[in-house]
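# Coordinate analysis (summary)
As a plain string of letters, each chain reads:
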Amino acid sequence: MTREIDYGNLMHAAMRSLIKNVLQDVADNGLPGNHHFFITFDTNHPDAQLADWLGDRYPGEMTIVVQHWFDNLVIDDDGFTITLNFGDNPEPLYVPFDAIATFVDPSVEFGLRFESAELDEDEEDSAIVTELEDIASREISAKPVDAADSDGEHKDAEVVSLDSFRK
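### Some details on the overall build of the chain
Of regular secondary structure, the chain possesses 3 helices and 8 strands. The order of helices and strands in the chain, counted from the N terminus, is α-β-α-β-β-β-β-β-β-α-β. Buried residues in the chain amount to 37% of all 167 residues. Contacts in the chain between residues at least 24 apart in sequence constitute 59% of all its contacts with a sequence separation of at least 6.

### As for the pattern of salt bridges
Under the defined criterion, the tally for this structure stands at 1 salt bridge. Close ionic contact of lysine 20 with aspartate 77 constitutes a salt bridge, the shortest N to O distance being 2.9 Å. In this pair, lysine 20 sits in helix H1 (residues 7-29) while aspartate 77 sits in the loop between strand S3 (70-75) and strand S4 (79-85), placing the two residues 57 residues apart along the sequence. Lysine 20 gets classed as partly exposed once you look at its relative accessible area, which sits at 25%.

### What about a nonpolar patch on the surface?
Residues Ile5, Tyr7 and Leu10 make up a contiguous nonpolar surface patch of about 320 Å² in total accessible area. Examined against the element boundaries, leucine 10 turns out to sit in helix H1.

### Some points on the pairing of S4
Of all 7 residues in S4, 5 are buried; the element is thus mostly enclosed. Connecting S3 to the antiparallel partner S4 that follows it, the hairpin turn spans 3 residues. Between the end of S4 and the start of strand S5 (residues 90-96), which pair antiparallel, lie 4 residues, with glycine 87 showing a positive phi angle near 60°.

### Structural notes on H1
Over its 23 residues, H1 extends 33 Å from the first C-alpha to the last, a length consistent with the 33 Å expected when each residue adds 1.5 Å. When we look at burial in H1, the residues that qualify are Gly8, His12, Met15, Arg16, Ile19, Leu23 and Val26. Those residues of H1 hidden inside the fold are in contact with strand S1 (37-42), S3, S4, strand S6 (100-105) and strand S7 (110-113). Directly beyond the C-terminal end of H1, a positive phi value near 85° is found at glycine 30.

### A look at the sheet that holds S3
With antiparallel pairing, 3 strands are arranged side by side in an open sheet as S3-S4-S5. Whereas interior strands pair on both sides, the edge strands pair on one side only; in this sheet they are S3 and S5. Each strand of the sheet is rotated relative to its neighbour by a mean of 15°, with strand direction disregarded. Sheet topology note: the S4/S5 ladder contains 7 bridges and is antiparallel. Looking at the pairing, phenylalanine 80 lines up with valine 95 of S5. Each of S3 and S4 is contacted by H1, which is oriented at about 130° to S3, the strand it contacts most.

### Structural notes on the packing of aromatic side chains
Tallied over the full model, the rule gives 3 aromatic pairs. Plain terms: the ring middles of phenylalanine 80 and phenylalanine 97 are 6.2 Å apart, the flat faces sit at 40° to each other, and that makes the pair tilted. Residue phenylalanine 80 is located in strand S4, and its partner phenylalanine 97 is located in the loop between S5 and S6; the two are separated by 17 residues in the primary sequence. On the basis of relative accessibility, which here comes to 5%, the residue phenylalanine 97 falls in the buried class.

### Looking at the environment of arginine 113
Along the chain, arginine 113 falls in strand S7. Among the residues examined, arginine 113 registers a relative accessible area of 13% and is labelled buried. Taking C-alpha positions, arginine 113 is 5.8 Å from alanine 101, a pair spaced 12 residues apart along the chain.

What counts, and where the lines are drawn
- Residues numbered from 1 in each chain as written.
- Predicted model: local features only at pLDDT ≥ 70, side-chain atom pairs only at ≥ 80, totals over all residues.
- Heavy atoms only, no water.
- Helix = DSSP H or I, 4+ residues; strand = E, 2+ residues; numbered from the N terminus.
- Buried < 20%, exposed > 50% of the residue type's maximum accessible area, 1.4 Å probe, protein only.
- Contact = heavy atoms within 4.5 Å.
- Salt bridge = Lys/Arg side-chain N within 4 Å of Asp/Glu carboxyl O.
- Patch = residues over 30% accessible without salt bridge, like charges linked within 9 Å, V, L, I, M, F, W, Y side chains within 5 Å.
- Areas by Shrake-Rupley, 256 points an atom, 1.4 Å probe, with all protein chains shown as cover.
- Pairing = 2+ DSSP bridges.
- Expected span 1.5 Å × (residues − 1).
- Axes fitted to C-alpha atoms, helices over the stretch in contact; angles between N-to-C directions.
- Phe/Tyr/Trp six-rings, centres within 6.5 Å; stacked < 30°, edge-to-face > 60°.

Function-wise, these values are silent; they only describe arrangement.
Structure (structure tokens):
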């Protein structure tokens, strides 16, 4: 029996740690500049906590926007609590880090997607593009972001696919 290093799960843990560190910095210091986040998570995760009406409205998955108005952002080892405004109704949520499917900061064209084992590589690439387009189309309150580099050329979003590291 040979022992193997599970790089896929190690990468997932590292990326969740990155999200935890970013959110902790925001909790401590606020959102810098034009940064804002789209966070999609599994609403059926056993540790996710959200109002019943939100769970009914978003069965399976929900994308939250952390940008203009949020309150009570508290990070713990397993997830984060945040109060968001849904149609002038402040609602607290608890999102476990392992329930997060995507984390996107469009202001710097950065995104993470936590892959499920069911997708093959072509389906995975298509799903990432589709999900980022879907998230971008749902953005209502975000300001336009200049996505050009110093040469004036448009840069594509940087999405890290963790399953590409698995063999």
